[in-house]
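Understanding the architecture of this molecule
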Amino acid sequence: MELKDYKDVYVFIEQRDGKIQPVALELLGKARDLAESLGEKVVAIFPGYGIKEQSQSLIEYGADKVICIDALELKDYLTEQYAQAIYQVIVENRPSIVMIGATTIGRDLGPRLSARLETGLTADCTKLEISEDGHLLMTRPAFGGNLMATIVCKEHRPQMSTVRPGVMKKRAKESSRSGEIVMFTPNFDSKKFKVRLLENIKEDKGMIDISEAKILVSGGRGVGSVAGFEKLNDLAKVLNAEVSASRAMVDAGVINHDRQVGQTGKTVRPDLYFALGISGAIQHLAGMEESEFIVAVNKDKYAPIFQVADLGIVGDVNKIIPLLTERLAKEEK
Amino acid sequence: MTMKIVVCIKQVPDTTEIKINPVTGTLIREGVPSIMNPDDKGGLEMALRLKDQFGAHVTVITMGPPQAEAILREAMAMGADRSILLTDRKFAGADTLATSHALAGALKQLEWDLIVAGRQAIDGDTAQVGPQMAEHLDIPQISYVEDLKFDGKNLFTIRKQTEEGYQMLEVESPCLITVLASACKARYMSVPGIVKAYDFEVETWGADKIDVEEYRLGLKGSPTKVNKAFTKGIKSKGEVFEVEPEEAVGIIISKLKEKFII
């Protein structure tokens, strides 16, 4: 393998039902930084069905070139169909770097693809930069969050990484940007299409995605029961906030998984984060410590959450939450 | 014919028990127990329920140091029929790709209709080894599995978790699934199971037992390498108050006003 034969920064553009996912635009933003330090181009790989009209928008968000794969086989995400199409694009074009959003789709596709390419894949990177000798430095949390590791993939190409939604920032849309759009037609081997999609169910929970919320009221073991969470909901209401939780509450079945903050849940960075009755296991901290302002209430003054809190209160959440709700409601009037 | 299931499990430090030294900002690893990875345990339970219902033969396999035998015995006590410990110095330093080659090599020595793995391990959280094994074995994969129904012959109907809800998927055996811990609550080890598990011989396989080129294994076979590892350091500490609820609420509200949040 001649490393110099591989160039450009490729981004997998994830769409669901034809809707480009925010993480794809965030990755295009980061890809621009990387491509600029390498003196190379940003290329968007855009698979789906009936999507080609949206290719121009990817240029506006930072791509120099879009390789659009518009095929009926790619209407819904299925591992093998997507792996075949993208594998062929990569083998034909030899990118130096491939970036994928760490969504349930990206985390299914990434490893399948990297194994087919016999190359490395670094999951859930929080920082990507180019080393002096031109390799990709991929930094990710390890050991549940506190230890950070910088990973390199020096002898294999492409260098692949996944990045969680909300970690990188998308660039402002530049409608004057121009770029190249090419269509790619894969040779599908349909004998390998073994998995059939029967139904795609969307559970409209009528709530804002916690990773997009400005204020989060988050509860943990200290809040305890379903009744405790009722109090949390009341507080969220007066603050116009969303409710989230630590893993303990999800495991206990008190709240749904899509409300979970942390290493195995979502990464959030709201303007205000209330950690109520959350001790602050490093898995949890990894998902919220970038929040702008953190208020923690916990009865254990040695709880690790106080190490990241901007304001800490040692006390009983079950007394403080209703009182705070009441006072905030009065303030509003 | 009895269905054959192989469950891939991993021994991990219970990362929920790891704490940070508030002074140095380093991890305190001493006294942290080793456990069967939670998603793997959910997968094992799913396999054992298929065994209860249809009479499957369940093999558990793990790659790791000799002490990883403990989770194989736990799996046997829960009801697995056979256990294999894949251990060799040649596997040391493996990244996910090299790990998947070693495990896929071992799986090629076994018979299976269904391979089960956990979605991800709590020490690395990569969720890669399952799909990578499926690729090496050239079988379909379904990840993030929440539920599985078997028709008793060869068809699996699977519920997969997505960000927006879930998908229902269908696939024939052979296939590989990666399972969420929340998919099924694992059973406890039974007393006769524990007794049986301690008499059991755990099979130990080294690199010579699997048919994988040496350059694909361990550190040598790992395209990714750790360049450096570091702790994030400690964020400058905010103020902590230990006061009565009334006063605490007052402090919170004045702070939020000061920051123009309310």
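The structure presented is a predicted model; accordingly, all values stated were derived computationally and were not measured. (Residues numbered from 1 in each chain as written. Chains lettered and ligands numbered in written order. Predicted model: local features only at pLDDT ≥ 70, side-chain atom pairs only at ≥ 80, totals over all residues.)

1. Remarks on the overall build of chain B
When you go through chain B residue by residue, the secondary structure sums to six helices and 15 strands. C-alpha extents for chain B along the principal axes are approximately 70 × 40 × 40 Å. For chain B, with 262 residues in total, the buried portion stands at 48%. Long-range pairs, those at least 24 residues apart, make up 71% of the contacts in chain B with a sequence separation of at least 6. (Helix = DSSP H or I, 4+ residues; strand = E, 2+ residues; numbered from the N terminus. Buried ≥ 20, exposed ≤ 12 C-beta atoms within 10 Å, placed from the backbone. Contact = placed C-beta atoms within 7 Å.)

2. Focus: the domain arrangement of chain A
All names here are of chain A. Entries for chain A in the domain assignment read domain 1 (3–192) and domain 2 (210–332). Each of domain 1 and domain 2 has a C-alpha centre, and the two are 34 Å apart. Here the side of domain 1 that touches domain 2 is built from residues that sort into three nonpolar, four polar and one charged. (Domains from an automatic or database assignment. Nonpolar A, V, L, I, M, F, W, Y, C, P; charged D, E, K, R; others polar.)

3. Description of helix α8 (residues 317–332) of chain A
A rise of 1.5 Å per residue sets the reference length of α8(A), with its 16 residues, at 22 Å; its end C-alpha atoms lie 22 Å apart and thus fit the reference within 8%. Those residues of α8(A) lying buried are A:Val317, A:Ile320, A:Ile321, A:Leu324 and A:Thr325. The arc that holds the buried residues of α8(A), viewed along the axis, is 135°, so those residues lie on one side. Buried-residue contacts for α8(A) involve α5 (226–239), β16 (272–276), β17 (293–298) and β18 (311–314) of chain A together with α6 (245–258) of chain B. (Expected span 1.5 Å × (residues − 1). Arc of directions from axis to C-beta.)

4. Side note on the pairing of strand β15 (residues 242–245) of chain A
Residue and element names in this part refer to chain A. Burial of the side chains of β15 extends over both faces: Glu 242 and Ser 244 are buried on one face and Val 243 and Ala 245 on the other. Sheet topology note: the strand β14 (residues 215–219)/β15 ladder contains four bridges and is parallel. Note that in β15 the partner of Val 217 across the bridge is Val 243. Handedness of the β14-α5-β15 crossover: right-handed. (Pairing = 2+ DSSP bridges. Right-handed = clockwise from strand over helix to strand, strands pointing away.)

5. Some details on the sheet that holds strand β14 (residues 225–231) of chain B
Pairing is antiparallel across the open sheet formed by four strands, whose spatial order is β8(A)-β9(A)-β10(A)-β14(B). Edge positions in the sheet fall to β8 (127–130) of chain A together with β14 of chain B, since each of these pairs with one other strand and no more. Sheet twist, expressed as the average angle between the axes of neighbouring strands with direction ignored, equals 25°. Alignment of strand β10 (residues 147–152) of chain A against β14(B), held across six bridges, turns out to be antiparallel. In the sheet register, A:Leu147 faces β14(B), and the bridge partner there is B:Thr231. (Axes fitted to C-alpha atoms, helices over the stretch in contact; angles between N-to-C directions.)

6. Remarks on the interface of chain A and chain B
On the side of chain B, 67 residues touch chain A, which itself brings 70 residues to the contact. Split by residue class, the side of chain A that touches chain B holds 33 nonpolar, 18 polar and 19 charged. Examined bridge by bridge, β18(A) and strand β15 (residues 239–241) of chain B share three bridges and lie parallel to one another. The residue of β15(B) that forms the bridge with A:Leu311 is B:Glu239.

7. Thoughts on the confidence of the model for chain B
Here chain B averages 91 in pLDDT, while 92% of its residues score no lower than 70. What the predictor reports for the complex is a pTM of 0.84 with an ipTM of 0.89. (pLDDT = per-residue confidence, 0-100.)

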